Structures are given as structure tokens and as C-alpha cells.
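Now for the letters of each chain:
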Amino acid sequence: MQQKYTLTVADVEINVVSDESPEAVEALVSIVDRKMREILQKSRTCPKTEAAILCSLDYCSEKIRAQRKIKAIESKLAMTEATLDELIEENEALKRELAELKKNNW
């Protein structure tokens, strides 16, 4: 269910509507506010709009890095699953071969 929130980020108040819980919204606001304040402290002449853009660029950069890592992990997982399937098939074939050897030799 969508809720309306009044948020304050770097002393700027904004109204938003979100499906997220109040706790999730507060956590997000905390992260963005902290990042904005870091940017504004490092460059005292940086306007808040530029700090917001820099914050967004930083977030997008982190998101792209995370997506690349996820893609690499998914690729490794797919390879591992394929290897596991091959090993399972090989194991089943060996079990059948062992059963046949036991049947013929014992």
C-alpha cells in the first residue's frame, strides 16, 4: 500500500509516495542524507542540487558495479550447476555400472 512521506535530506524537505515501509524509507533517507552531507562538507561551495546529482551518480556507479558482480556470480553459478549436473549423471552411470558388475561377478 502506498504511503505519503515527508522527508528531509540535507535540510531540504520533500514529499514522496512509496510502497516501502516507514523503516525502509527512513533507512534510505539516512543513507542519502549522510552522502549528501559528506559531499557538501568536502566542497563548501557545492550547491545542494549538484550534491544531489553527485550523490545520484555515486549511487548509479555502485549499482552498476553491483550488477556486474551479480552477473559474474550468476555466470559462475550456472557453470557450477552444469558441472554438478554432469557429476550427478556420471555418478548415476557409475552406480549402474557397479550394480551390473556386482550382478555379474558376485
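Worth saying up front: this structure is predicted, and the values here are computed from it rather than measured. (Residues numbered from 1 in each chain as written. Predicted model: local features only at pLDDT ≥ 70, side-chain atom pairs only at ≥ 80, totals over all residues. Heavy atoms only, no water.)

Participant: Describe the overall build of the protein chain, listing the residues and the values that go with them.
Facilitator: Across its full length, the protein chain holds two helices and two strands. Counting helices and strands in the order they occur from the N terminus, the protein chain gives β-β-α-α. Computed over the C-alpha atoms, the radius of gyration of the protein chain is 27 Å, more than 25% above the 13 Å expected from 2.2 N^0.38 for a compact globule of 106 residues. Taking the principal axes of its C-alpha atoms as reference, the protein chain extends roughly 85 × 35 × 15 Å. Every one of the 106 residues in the protein chain was classed for burial, and the buried ones make up 13%. Within the protein chain, residue pairs in contact and separated by at least 24 positions form 17% of the contacts whose partners lie at least 6 positions apart. In the structure as shown, the protein chain presents an accessible area of about 9,100 Å², 57% of it carried by carbon and sulfur atoms. (Helix = DSSP H or I, 4+ residues; strand = E, 2+ residues; numbered from the N terminus. Rg over C-alpha atoms; globule rule 2.2 N^0.38 Å. Buried < 20%, exposed > 50% of the residue type's maximum accessible area, 1.4 Å probe, protein only. Contact = heavy atoms within 4.5 Å. Areas by Shrake-Rupley, 256 points an atom, 1.4 Å probe, with all protein chains shown as cover.)

Participant: So what about the environment of Q2? Which residues, and what values?
Facilitator: Positionally, Q2 belongs in the segment before β1 (3-9). Each C-alpha atom, one on Q2 and one on E81, is 39 Å from the other, the two residues being 79 residues apart in sequence.

Participant: Please give an account of the nonpolar core that cites residues and values.
Facilitator: In terms of nonpolar packing, the biggest core is built from 12 residues, these being Y5, L7, V9, A10, V25, V29, M36, I39, L40, C46, A51 and C55. If you list the elements that add at least two residues to this core, you get β1, α1 (22-42) and α2 (48-105). Among the elements that line this core, the one with the most residues is α1, at five residues. Residues contacting V29, with those up to four places away along its chain left out, are L7, T8 and V9. (Core = buried A, V, L, I, M, F, W, Y, C linked by side-chain atoms within 4.5 Å.)

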